[in-house]
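# An overview of the molecular structure
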Amino acid sequence: MIHSLFLINHLGDIFLEKHWKSVISRSVCDYFFEAREKAVDPENVPPVLQTPHHYLISIYRGKLFFLSVIQTEVPPLFVIEFLHRVADTFQDYFGECSESVITDNLVIVYELLEEMLDNGFPLATESNVLKEMIRPPNILRSVVNTLTGGSNVGETLPQGQLSNIPWRRAGVKYANNEAYFDVTEEIDAIVDKSGTTVSAEIQGVIEACVKLSGMPDLTMSFMNPRLLDDVSFHPCVRFRRWESERVLSFIPPDGNFTLMTYHISSQNLVAIPVYVKQSINFFEAGSCGRLDITIGPKQTMGKTVEDLKVTIHMPKAVLNANLTATQGNYTYDCTTKMLVWDIGKLNPQKLPNLRGSLSMQTGVPNPEENPSLNIDLKIQQLAISGLKVSRLDMYGEKYKPFKGVKYVTKAGKFQVRT
Amino acid sequence: MTDSKYFTTTKKGEIFELKAELNSDKKEKKKEAVKKVIASMTVGKDVSALFPDVVNCMQTDNLELKKLVYLYLMNYAKSQPDMAIMAVNTFVKDCEDPNPLIRALAVRTMGCIRVDKITEYLCEPLRKCLKDEDPYVRKTAAVCVAKLHDINAQLVEDQGFLDTLKDLISDSNPMVVANAVAALSEIAESHPNSNLMDLNPQTINKLLTALNECTEWGQIFILDCLANYTPRDDRESQSICERVTPRLSHANSAVVLSAVKVLMKFMEMLPKDLDYYGTLLKKLAPPLVTLLSAEPELQYVALRNINLIVQRRPEILKHEMKVFFVKYNDPIYVKLEKLDIMIRLASQANIAQVLAELKEYATEVDVDFVRKAVRAIGRCAIKVEQSAERCVSTLLDLIQTKVNYVVQEAIVVIKDIFRKYPNKYESVIATLCENLDSLDEPEARAAMIWIVGEYAERIDNADELLESFLEGFHDESTQVQLQLLTAIVKLFLKKPTETQELVQQVLSLATQDSDNPDLRDRGYIYWRLLSTDPVAAKEVVLAEKPLISEETDLIEPTLLEELICHIGTLASVYHKPPSAFVEGSRGVQHKRLPGSTESGESESPDTTSAAAVSDAPPAVIPSQGDLLGDLLNLDLTPPTTTGPPPPASSGMQMGAMDLLGGGLDSLLGGDLGGSPAIGAGFGAPPAAMPASFSAPVSGGLDDLFDLGGGVGMPMGAYSAPKTVWLPAMKAKGLEISGTFARRSGVIQMEMTLTNKAMSVMTDFAIQFNRNSFGLAPAGPLQVLTPLNPNQSIEVTLPLNTVGPVMKMEPLNNLQVAVKNNIDVFYFSCQYPISMLFVEDGKMERQVFLATWKDIPNDNEAQFQIKDCHLSSDAASNKLQGSNIFTIAKRTVDGQDMLYQSMKLTNGIWVLAEMRVQAGNPVYTVSLKCRAAEVSQWVFQSYEAVLKN
C-alpha cells in the first residue's frame, strides 16, 4: 500500500512529507530528482520509477509533484488515482492547489492526509465525508473558532461512511433547492496540412452542482442516449437502469461532483467547428520565413465561436516574428518560442488572418520539423455531439427544485499539422 | 489566519518555548502549541524532544487536540518507546469510548505505533473492536490487523486475529468486507503459502455482492482478489464476468483496469463460440479507450497494460488504431508507448494510415521519439509484407533529409528489412553507402558493415568501404568490431583474390591486438576455418540465415499469460514477472490463465486451485515440456540421413596440425600459387560433395535424436542419398546430384549443383515436364550467387503437386530442365513414391475394413521383402516416419499382422497388410489400391524405408 507521500515544488524542494507506515528517509527522492533532471521538462518525468528498494509513483499537478513511495506490489493506477484525488481535495478545500496554499494550511493538510489514508489504505476520499470531519477553512469559521475555542474538526461520526450511499451526508437542508448540470464537450482532433481530419473524438463530461435537501432521487434522460456507448459514471449512478433504460438514475452527492464522463470516438459524429488555412515556410536564403494563417468557420451549428486562440510552438531557429493580424493580437515569446494569436470571437463575414515574416537565426540549417498549430475555442450553448438532456425528474422529496442544464463545447487537444 | 504563522518562531529557544506553551494551563494555548509542533514535524524538523509534553496533552475531551496528539505519537513513538508506554492507558480507555469515532480513532492510531512493547497491550482492545457493533470501528480494526501483522506476525497468528479477519469477509457491511479483503491480501503477500484467501463459491458470492456497494478503493481490492480465483467451469466463469462488467463504466480508472484483469482472465474459460464471449470482447474496447483520455500518468499505466492486452487478444482493439495516434503535446513517455501499440495493431487494412502518421512523427523535435518512429517504420515493413515497398521508400526519403540520427536509425532498420526480404531491396544499397561517413553510433555502423559484408558481391568498392572502417578498429565498440570481422571474412569468401591482405589484417587485429575474448575467439574460429577448409568456412559464414520473424519483441507466451494475470500491477508496467523484481517477494505465486473448458477435459477445481496457489511455478514446467516436445518434433522431421562423412582432405589435416603456426601465415600470405597448403585453402573442393554436408552441427543433433528414436518417437521420413542426375560431361561442366525428401509435409528436391567448368555460372532456373502426380516447383530455384568454377552449392527446391498431370512411364519418372547462362540441360530422375504420402494418411479402423473389402481382389498385389531384421514394432515406427501408418496389429501364431494405410497427394488411398514372422527375415506385404499400378512403387518405397 501507499507508504509515504512527498510534495515537491518545481524547484525540487520537498516541502511536505507524510508517512503512513514507518518513516522513509527523504533521500529516496534523489532517484526522482535524477529522473527529473533527465526529463528536462517536468511533464516528461516518467510516472513510475523503480529504485533499489522502493517504487516511486508520481503525478504532476499545478506545478507540484505528488510523489508517493511504495514498497510492495500495488496497482499503480490505484496510487495515481489516489494522488489525483488528494490534489482534487486540496483544490476543493483551499480553492487552489499550490505550494503557498498548502503551507498556509499545513495542519488541515496533515489532518486530511491522515483521514484519507490509513496504513496506506484509502479511508475517506469523498469530499462530503471529509468535510464533515474536517471543516474547510473560511474566514468566518476561523473568527468563530478563535472566539469560542471551537475547532475545525467535526465531533460526529461521518455517517455517510456507513450507509449504502457513502457519497451523501445525511440531513442536508437548503432554503433554495437547485440542481445545475453543465454538459461540457472537448474536441480532441488532429487535422493534417491538407485539412483532412486524421483523428477526432469528443471527451464529454457532465458536471453537476446539486443543492437539494433531504434524500432526493434524480432521474435524467437524454433525447439521444444512443450517442453514449462509452461512459463512466459517478458511483451514485445505478448502472442497471442505464443498461436497461438508458436513463441516469441516482441519489446525488451534495454539492459539486462529476456525474459522468463519456467518450465519442466515431469520427462521423465529431464535427470540426473551424478550418485553418495556413502556410509556414522557411527560406534558406536570407534566413527568414513567411507565415500566413486564416481561420474560418466550418461546422458550428449556427453558433458563434468564441475565445479563439492559436498557439504555435516555433522551431528553435525562429528569432522573432513580424506579423500583422486583421483581428485580435499576437505575441511571440522568443525564449519559449511560443507564438500566441489571441483572436476572440470568430466573425464569419470577415475571417481573421495573421501574416508576415519570421526572422531566423543565420547560419543554421532550415528547421526540419514543421510546427503544429494548437487551436483553442469555445462555443456556448452547444454540445457538438448533439447530446441533449430531455428531462430531469426528482423523486423522494416533496419540494420543487430549480433545475438547469448548460452546454458548452471547447477545443481539447485540437491540433493542425503543417 | 493561516498556518504559516506556526513557522514564524525562528528564535534560538524554539523547542524551549514550545515546551513552556505545551505545559500551559490554558487549553487554547496548549492547542496552538501542539499545532506548532505538528507543523514543524510535517516539514521534517525534529521535535521528538517534546515527546513527554505532547503526550501529556492526550487526556483531553477536545477531539481535534486528541487527533493532533495522535498524529504526533504515530510519528515519534518509535524513537521514544519507553515514553510511548505512557500512552497505552489512554488508548485502552479510548477503545471503550461511547463515541464510535473515538473508538475507531484509537484503534487506528494504536496500530500505527510501531513499538513491540506496546503491541501486546493492544491485543485485547483490538479483539473487542473487531467485534464492535459499529461497522466503522470493525472496518478500521480490520486494517489494524494488517498493521499489527507487519510489526509482529507471530503475535497476530497466535492471537487468532487471522481467523477473525476471515470471518469479516462474511460481514453484513460491504465496507468491512472490502477492508477485510484488503488486509488479508496484504498479509497474504508476505505469506504466499498460508492459503489465507480461501476462495470458494460462497465467499466469491459474498465478494461479488459487496463489490456493488463498497467504495471505489474497496472495489479495487475485491476485484484483485477475485482475479486469484479459478472458477469451476465456464458457467461460473460467465456469471462472474456478468457481475463484474458494470465496473467497466466506473469513473475510477484503477477499478476499470482491475475489472479488465478479471475479465481477461475468466474469458479464457469461456467457449469461443458462445455469444456472450463476443459481447464481452466488444465491451472491453470502450473502457480501454476511455482510459486514454485521462491524465497522462494514468494513460501511461493504461498503455503499458493495453500493450499486453493487444498481444493476448488483438481483436479487442483492432479498430481503435486512431486513439493511439500521437499528439505533439503528449508527454514523451506516452508518445513512446502509443507508438509501440500502433505497430502492434498495424495490419494490411490500416497500414497506409499508420505509415503516414509515422512519417509525420519522424519530423518531430524530440530525438528519442523520432528514432522510435523511424524504427517503427521498419517494423511495419517486417510485419506487413504488402507495405514493405512503401516503408523502404519512406525510409529512403528520410535518409535524404540527412538528419544525422534519422539516417542512422533508418540504416539500422533497413538491415532488418534486408534480413526479412533478402534480395528484394538491394537497389537502395548505393544510397546507404553515400551516408557512410555520417554514421557515428555503434549500432548504425554495425548495421552498415553487415550490409556491406552481406552484399559484398554487389558493391564494387566493398573492400574500400570496409578498409575505411578498419583504420580505427581499436576505437570501435565491440559490436562494430565483431561485425567488421565477420563482414571482411564474408568479403574474402566472396572475392578471395583481391582481399587477402584485408582479411589477414583484420584477423591479426582481432586475435593479436585485442583484449576482448569474444573478438579473439571469433577471430581464431574464422582463422581456423579458413585455413582448414574454406568450403566449410563458406558453409558457416555464408550460411543462409533464417528470416527474421514478424515481431521480435513479442513477450514470450508463458510470461504474457502470467502478466495478463497481473494486469494493473507494477508487474504489468515493467512487463516482468513479479518474482523478478518485487522487493521481499517471499515466493511470489506464479499465476496463469485458466484453460478453456470447452475441450471437455477440464481439470478438476481442486487441482487447478492447488496449482494456482502452490509455490512452484506451474506455468513454467508444463510449457517447458511442451517446448521440448515441440523441439523434438521439429528436429525430427528432417530426415536422419547421415551421409558419408565429409572426406578429410590432406590439406585439411595439414592445416589442422599447424594451425596457428607459420604455415598459416604463409597460407594466407601473398604467394598463392606455391604452398601445398593452398590446395586446401582455395583449391577445388572435394569432387563429390557429400550429400548431407550442410550442417555439421545439426548432423550431431540428428545422431542424438536417432537415439531418441528408440523411445517410441516417430523417426523422420526416409530419403535416399543423393545420386548424380546430370553428369558434368553431359552438361558443359554442370553436375547435378540430388534426392527427394519430405520434410514437415513439404516435398523437397535437394540438389547439389557443382560447377566443373572453367567459367562462372549464373542465372539458374528449373522446370519440370508434366508428370504423373502433377509435381511442380513451388518457387524459383534459389541460386543467388554466381557459381564459381569448382564451387558447389546446395539447393533445396520445395515442390507442390498442383502442376499439370500426365501419366509417365515409369510412373514415378520426372523430366527436368535446368537452365543456366550457358545452356539448357535436360535430365530425368525417379522419385520414391513415399514422398507423396501425406501426413493425414491414417485411416479409421472401420473405414479400413470396409475399404479393404470393397476393393476387388484383382487389385491386390503381394510382395516379399527379404533380409529385413526389424521387429514388427520397429518396422511400424520406421514406416510411420514416412507416413505409412499402422492402424491395427494382430498376432496370429507368432506372426504379426500389421494393417497399414497411406494416402497419396492426389487422394489415392493404399491399404496394406504386412506379415512379420519373428525370426524370419522375409516380410510379406499385400497391397490393395483402387489404382493398382501404384502398388509396385509403393512396394519399392517399403523396401527402401525398411532397409535404411
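Chain B appears in an unreviewed UniProt entry as AP complex subunit beta from Oreochromis aureus. Check the Subcellular location (unreviewed entry) section of the UniProt entry for chain B; it says "Endomembrane system". If you open the UniProt record of chain B and go to Sequence similarities (unreviewed entry), you find "Belongs to the adaptor complexes large subunit family."

An unreviewed UniProt entry lists chain A under the name MHD domain-containing protein, with Oreochromis aureus given as the organism. The Sequence similarities (unreviewed entry) comment attached to chain A in UniProt states, word for word, "Belongs to the adaptor complexes medium subunit family."

### As for the overall build of chain A
In terms of regular secondary structure, chain A is built from seven helices and 23 strands. Of all 418 residues assigned to chain A, the portion counted as buried reaches 57%. Pairs at least 24 apart in sequence give 68% of the contacts found in chain A among residues at least 6 apart. When the accessible surface of chain A is split by element, carbon and sulfur atoms take 50% of a total near 17300 Å².

### Structural notes on the overall build of chain B
Per the secondary structure count, chain B includes 41 helices and 13 strands. Looking at chain B as a whole, 55% of its 948 residues are labelled buried. Counted over contacts in chain B with a minimum sequence separation of 6, partners at least 24 positions apart contribute 67%. Accessible area for chain B stands at about 39800 Å²; split by element, carbon and sulfur atoms hold 52% of it.

### Focus on the sheet that holds strand β8 (residues 824-830) of chain B
Hydrogen bonds between backbone groups are what pair the strands of a sheet, and the pairing can be parallel or antiparallel. Residue and element names in this part refer to chain B. Overall, antiparallel pairing links the three strands, which are arranged β4-β7-β8 in an open sheet. The open sheet terminates on both sides in strands that have one partner only, identified here as β4 (765-768) and β8. Along the sheet, successive strands turn relative to each other by an average axial angle of 25 degrees, direction set aside. Note that strand β7 (residues 813-819) and β8 share seven bridges and pair antiparallel. Counted as the bridge partner of Val 816 is Phe 827 from β8.

### Thoughts on the interface of chain B and chain A
Every contact between the two is made by 98 residues of chain B and, on the other side, 100 residues of chain A. The three residues of chain B that bury the most area against chain A are Trp217(B), Tyr328(B) and Leu570(B), which together make up 9% of that side's buried surface. Linking chain B with chain A are nine salt bridges. In this structure, Asp118(A) engages Lys147(B) in a salt bridge whose closest nitrogen and oxygen atoms are separated by 2.6 Å. Where chain B packs against chain A, one counts 21 residue pairs in polar contact (both at pLDDT 80 or more). For the side of chain B that touches chain A, the residue count by class is 51 nonpolar, 20 polar and 27 charged.

### A closer look at the pattern of salt bridges
This model, assessed by the stated rule, comprises 56 salt bridges over all chains. Across the pair Arg371(B) and Glu409(B) runs a salt bridge, and its minimum N-O distance is 2.7 Å. Residue Arg371(B) is found in helix α20 (residues 367-383), and its partner Glu409(B) is found in helix α22 (residues 404-420); the two are separated by 38 residues along the sequence. For the pair Arg371(B) and Glu409(B), one class covers both residues: buried. In this structure, Lys889(B) engages Asp873(B) in a salt bridge whose closest nitrogen and oxygen atoms are separated by 3.0 Å. Of the two residues, Lys889(B) is situated in strand β10 (residues 885-892) and Asp873(B) in helix α40 (residues 872-881); the sequence distance between them amounts to 16 residues. With relative accessibility at 45%, the residue Asp873(B) sits in the partly exposed group. In the salt-bridge network here, residues are joined through shared partners; they are Lys18(A), Glu114(A), Glu115(A), Asp118(A), Arg108(B) and Lys147(B).

### Quick word on the sheet that holds strand β3 (residues 746-755) of chain B
Residues and elements named next belong to chain B. What the five strands build is an open sheet, ordered β1-β2-β3-β6-β5; its pairing is antiparallel. Where the open sheet ends on each side, the last strands, each with one partner, are β1 (723-726) and β5 (776-777). As judged from the three bridges shared by β1 and strand β2 (residues 734-743), these two strands associate in the antiparallel manner. Its bridge partner being in β2, Thr 723 is matched across the sheet by Gly 738.

### Observations regarding the side chain of Gln415(A)
You can see Gln415(A) is positioned in strand β23 (residues 402-416). Not counting the four nearest positions on each side in its chain, Gln415(A) is found in contact with Ala189(A), Ile190(A), Val191(A), Ser372(A), Leu373(A), Asn374(A), Lys327(B), Tyr328(B) and Asn329(B).

### With respect to the confidence of the model for chain A
This prediction gives chain A a mean pLDDT of 85; 91% of its residues lie at or above 70. Ranking the elements of chain A by mean pLDDT puts helix α6 (residues 139-148) of chain A last, at 55, and strand β5 (residues 64-70) of chain A first, at 93.

### Examining the environment of Arg114(B)
Position of Arg114(B) among the secondary structure elements: in the loop between α6 (100-112) and α7 (116-130). Here the alpha-carbon distance between Arg114(B) and Tyr76(B), two residues 38 residues apart in the chain, equals 9.5 Å. Residues within four places of Arg114(B) in sequence aside, it is in contact with Lys21(A), Ser22(A), Lys78(B), Asp150(B) and Ile151(B).

### Observations regarding the environment of Ala888(B)
Residue and element names in this part refer to chain B. As for its placement among the helices and strands, Ala 888 is situated in strand β10. Owing to a relative accessible area of 19%, Ala 888 belongs among the buried residues under this scheme. C-alpha separation for the pair Ala 888 and Gln 900, spaced 12 residues apart in sequence, amounts to 7.3 Å.

### Quick word on the packing of aromatic side chains
Evaluation of the coordinates by the stated rule reveals 27 aromatic pairs over all chains. An angle of 75 degrees between the planes, with centres 4.9 Å apart, marks the rings of Phe32(A) and Phe65(A) as edge-to-face. Here Phe32(A) is found in helix α1 (residues 29-39), whereas its partner Phe65(A) is found in strand β5, with 33 residues between them in sequence. Taking the relative accessible area as the measure of exposure, Phe32(A) reaches 0% and is therefore buried. Assessed through its relative accessible area of 2%, Phe65(A) is described here as buried. With a centroid separation of 5.3 Å and 35 degrees between ring planes, the pair formed by Tyr70(B) and Phe91(B) is classed as tilted. Taken together, the positions of Tyr70(B) in helix α4 (residues 63-76) and Phe91(B) in helix α5 (residues 81-94) put the pair 21 residues apart, joining distant regions of the chain. These aromatic residues form a ring-pair network of at least three members: Phe78(A), Phe82(A), Phe121(A), Trp217(B) and Phe221(B). Between Lys18(A) and the ring centre of Tyr110(A), over which it is positioned, the NZ or CZ distance is 4.9 Å.

### Some words on the packing of helix α25 (residues 462-470) of chain B against helix α26 (residues 478-494) of chain B
Residue and element names in this part refer to chain B. In contact at an axis separation of 11 Å, α25 and α26 are set at 155 degrees when each is read in the N-to-C sense. With respect to each other, α25 and α26 are oriented roughly antiparallel. Considering only the axes of α25 and α26, their crossing is left-handed. Facing Ala 462, Asp 463, Leu 466, Phe 469 and Leu 470 of α25, the residues of α26 in contact are Leu 484, Ala 487, Ile 488 and Leu 491. The class makeup of the residues in the contact of α25 with α26 is eight nonpolar, no polar and one charged.

So, how was this worked out
- Residue positions are given per chain, counted from 1 along the sequence in the order it is written.
- Lettering for chains starts from A, numbering for ligands starts from 1, and both go in the order in which the items are written.
- With the structure being a predicted model, the display of local features is reserved for residues of pLDDT at least 70 and the display and counting of side-chain atom pairs for 80 or more, all residues being used for whole-chain, interface and lining totals.
- Water and hydrogen atoms were dropped before computing side-chain values, which therefore reflect all heavy atoms in the structure.
- UniProt positions are given in the numbering used here, feature names are shortened, and annotations may be inferred rather than shown by experiment.
- Only DSSP runs of H or I covering at least 4 residues are called helices, and only runs of E covering at least 2 are called strands; the numbering of each starts at the N terminus.
- Only protein chains enter the accessibility calculation, which uses a 1.4 Å probe; a residue is then buried when its area is under 20% of its type maximum, exposed when over 50%, and partly exposed in between.
- The contact criterion used is simple: two residues touch if any of their non-hydrogen atoms lie within 4.5 Å.
- Note that accessible areas follow from Shrake-Rupley with a 1.4 Å probe, and for residues the cover is restricted to the protein chains shown.
- For two strands to pair, DSSP has to find at least two bridges joining them.
- A fitted line through C-alpha atoms represents every axis, and for helices the fit uses only the stretch in contact; the resulting angles, taken between N-to-C directions, go from 0 to 180 degrees.
- Computed with a 1.4 Å rolling probe, the buried area is the accessible surface lost when two parts are put together, summed over both parts.
- Any carboxyl oxygen of Asp or Glu that lies within 4 Å of a side-chain nitrogen of Lys or Arg is treated as forming a salt bridge with it.
- Throughout this description, a polar contact denotes any pair of N or O atoms lying within 3.5 Å of each other; where both atoms belong to protein, one of them has to be capable of donating a hydrogen while the other can accept it, and for residues adjacent in sequence the pair is counted only when both atoms sit in side chains.
- Under the grouping applied here, Gly and all other residues not named as nonpolar or charged are polar, the nonpolar ones being Ala, Val, Leu, Ile, Met, Phe, Trp, Tyr, Cys and Pro and the charged ones Asp, Glu, Lys and Arg.
- A score from 0 to 100, pLDDT tells how confident the predictor is in each residue.
- Note on aromatic pairs: the rings of Phe, Tyr and Trp (six-membered ring only in Trp) are paired at centre separations within 6.5 Å, and the planes decide the class, stacked below 30 degrees, edge-to-face beyond 60, tilted for the rest.
- Whether a charge lies above a ring is judged from NZ of Lys or CZ of Arg, which has to be within 6 Å of the ring centre and within 35 degrees of the ring normal.
- Angles are sorted into four bins: roughly parallel if under 35 degrees, roughly antiparallel if over 145, roughly perpendicular if 65 to 115, and oblique for all others.
- By definition, turning the near helix anticlockwise from the far helix through less than a right angle yields a left-handed crossing, and turning it clockwise yields a right-handed one.

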